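# Examination of the molecular architecture
Residue-level listing of the chains:
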Amino acid sequence: MTECRILVLLGAPGAGKGTQTTKLVQKFRMKYLSTGEALRQKAGEDTLLGNQARESMERGELVSNELVAQVVRDCMTDFRDSTGFILDGFPRNRSQAELLEEIAGETPIWVINIRVDEEVVITRLSGRRHCVECGKITNVNFSPPRQEGVCDTCGAKLVQRPDDFPNVVQRRLQVYREQTKPLTDFYSKKGCYFEVDGNLDTETVFERISAHLTGEESLAGNPHLSAGQSSA
Ligand code: AP5
Ligand code: MG
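Throughout what follows, the structure given in this document is the object of discussion. (Residues numbered from 1 in each chain as written. Chains lettered and ligands numbered in written order. Predicted model: local features only at pLDDT ≥ 70, side-chain atom pairs only at ≥ 80, totals over all residues. Heavy atoms only, no water.)

## Topic: the sheet that holds strand β4 (residues 109-115)
Spelled out, the test is: A strand pair is defined by DSSP finding two or more bridges across the two strands. The secondary structure listing takes helices from DSSP runs of H or I that are at least 4 residues long and strands from runs of E that are at least 2 residues long, numbered from the N terminus. Simply put, an axis is a line fit to the C-alpha atoms, just over the touching stretch for a helix, and the angle between two N-to-C directions goes from 0 to 180 degrees.
Within the open sheet, the 5 strands sit side by side as β2-β3-β1-β4-β8. Their pairing is parallel. Strands at the two margins of the open sheet, each flanked by one partner only, are β2 (31-34) and β8 (193-197). Between one strand axis and the next, the sheet turns by 20° as a mean value, whatever way the strands run. Pairing of β2 with strand β3 (residues 84-88) involves 4 bridges; the strand directions are parallel. For Tyr-32, the partnering residue across the bridge sits in β3 and is Ile-86.

## Observations regarding helix α2 (residues 35-43)
Condition: Burial status follows relative accessibility: with a 1.4 Å probe on protein chains alone, a residue under 20% of its type maximum counts as buried, one over 50% as exposed, and anything between as partly exposed. Our arc is simply the arc of the directions from the helix axis toward the C-beta atoms. We call two residues contacting when some pair of their heavy atoms lies within 4.5 Å.
Taken residue by residue, α2 has Thr-35, Gly-36, Ala-38, Leu-39 and Ala-43 as its buried positions. Seen end-on, α2 carries its buried residues on one side only, within an arc spanning 160°. Contacts made by the buried residues of α2 are with β2, α3 (48-59), α4 (65-75) and β3.

## A few points about the packing of α4 against helix α5 (residues 94-104)
Going by this rule: When an angle is under 35 degrees it counts as roughly parallel; over 145 it counts as roughly antiparallel; between 65 and 115 it counts as roughly perpendicular; any other value is oblique. Definitions for this section: a left-handed crossing has its near helix turned counterclockwise from the far helix by less than a right angle. A right-handed crossing has that turn clockwise.
It is at 11 Å that the axes of α4 and α5 come closest, and there the two elements cross at 25°. Relative to α5, α4 is oriented roughly parallel. Handedness of the crossing formed by α4 with α5: right-handed. Counted together, Asn-65, Val-68, Ala-69, Val-72 and Arg-73 of α4 and Ser-95, Gln-96, Leu-99, Glu-102 and Ile-103 of α5 form the full contact between these two elements.

## A few points about the side chain of Thr-35
Positionally, Thr-35 belongs in helix α2. When neighbours within four sequence positions are excluded, Thr-35 is seen to be in contact with Val-72, Asp-88, Gly-89, Phe-90 and Arg-92.

## A short note on the nonpolar core
In summary, soluble globular proteins display a tendency toward joint burial of nonpolar side chains. For clarity, the cut-off: Residue types Ala, Val, Leu, Ile, Met, Phe, Trp, Tyr and Cys, when buried and joined through side-chain atoms within 4.5 Å, form a set referred to as a nonpolar core.
Judged by nonpolar contacts, the single largest core of 31 residues is most densely connected at Ile-6, Val-8, Met-76, Leu-87, Leu-100 and Tyr-187. Secondary-structure elements contributing two or more residues to this core are β1 (5-11), α2, α3, α4, β3, α5, β4 and α8 (182-188). Setting aside chain neighbours within four positions, we find Ile-6 in contact with Met-76, Phe-79, Phe-85, Leu-87, Leu-100, Ala-104, Thr-107, Pro-108, Ile-109 and Trp-110. Judged by nonpolar contacts, the second largest core, of 23 residues, contains Phe-28, Tyr-176, Ile-209 and Leu-213.

Below, the structure written as C-alpha cells:
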C-alpha cells in the first residue's frame, strides 16, 4: 500500500478547491475535510461557538484558530488509515500551518496551490448556487439550470451562499491576500509544493493535479498514488 500523505489544497475563494476535492476523492478514494463545510455546520448550531463562527463567516473573516483546531483534530483522528487525506481550506494562516505539522508528525504534507485570477473568482462566486436538498453545486454563469432557481438533479430550491454576496467576496479576497497567500512562500520553500493554473477548465485542472499525484508529469514516472486505490 502506498504510504499515507496529507494533501493540502491551497487557493483563493472560488479557486476550485471544493470542486477538485470532490473529483480527487472519487478517483483516489482519499478521505477529506473541508473546513468551510464543517464550519458551516457548526454555524448552524445555536451555541456560543456556532454563533461566533456564523458571525465571522458572514463578514468574510476567518473563524478563530481555536474552533478550527477543534474541528480539524476531531476529523483527523484516523487519517493514517487512508492512502491520503485531503484538506480543503486548511491551513489558512501560519498558526494553522504549525498545527498541521504537529498533527501530521512524520506523514508527508503535499501542497497543491490552485492559482486563479481575482476577476475569474468574482465571476465564479457571483454565479455559484447550491441545492438546499442534495447540496449539488451549480453555476448560473457557466451552466445554468434548466429551470431558474431549481436543482436539475432533485428539483429542490437553489440558493446562494451568504458569503458569496459581492461585498463579502471582496473581504474574503482581502483576508486571503493578507493571511493565506503568504503560506505559498512557506510551503514552496519546503519543496512539497505544486502550482496549477486554476483559471483553466475543471477537467484540465484535475488532469494536471492527478498527473502530479501519480508522478506522470515527471520524467522518472515514479508513481506516488494509484487511481482507485483502496483507502483501507
Ligand atoms: P470555504 O467554504 O472554504 O470558502 P473559500 O475558501 O472562500 O472557498 P470557496 O468554497 O468559496 O471556493 P472553492 O475554492 O471551494 O471553489 P469551488 O470549487 O466551490 O470557507 C468559507 C469560510 O469558512 C471562510 O471565509 C472562513 O470564514 C471559514 N473558514 C473555512 N476554513 C477556515 C479555516 N481553516 N480557518 C478559519 N476560517 C475558516 O468553485 C467555485 C465556483 O466555481 C463553483 O461554482 C464551481 O462550479 C466553479 N468552478 C470551479 N472550478 C472551476 C473551473 N476550473 N472552471 C470553471 N468553473 C469552476
Ligand atoms: Mg469550497
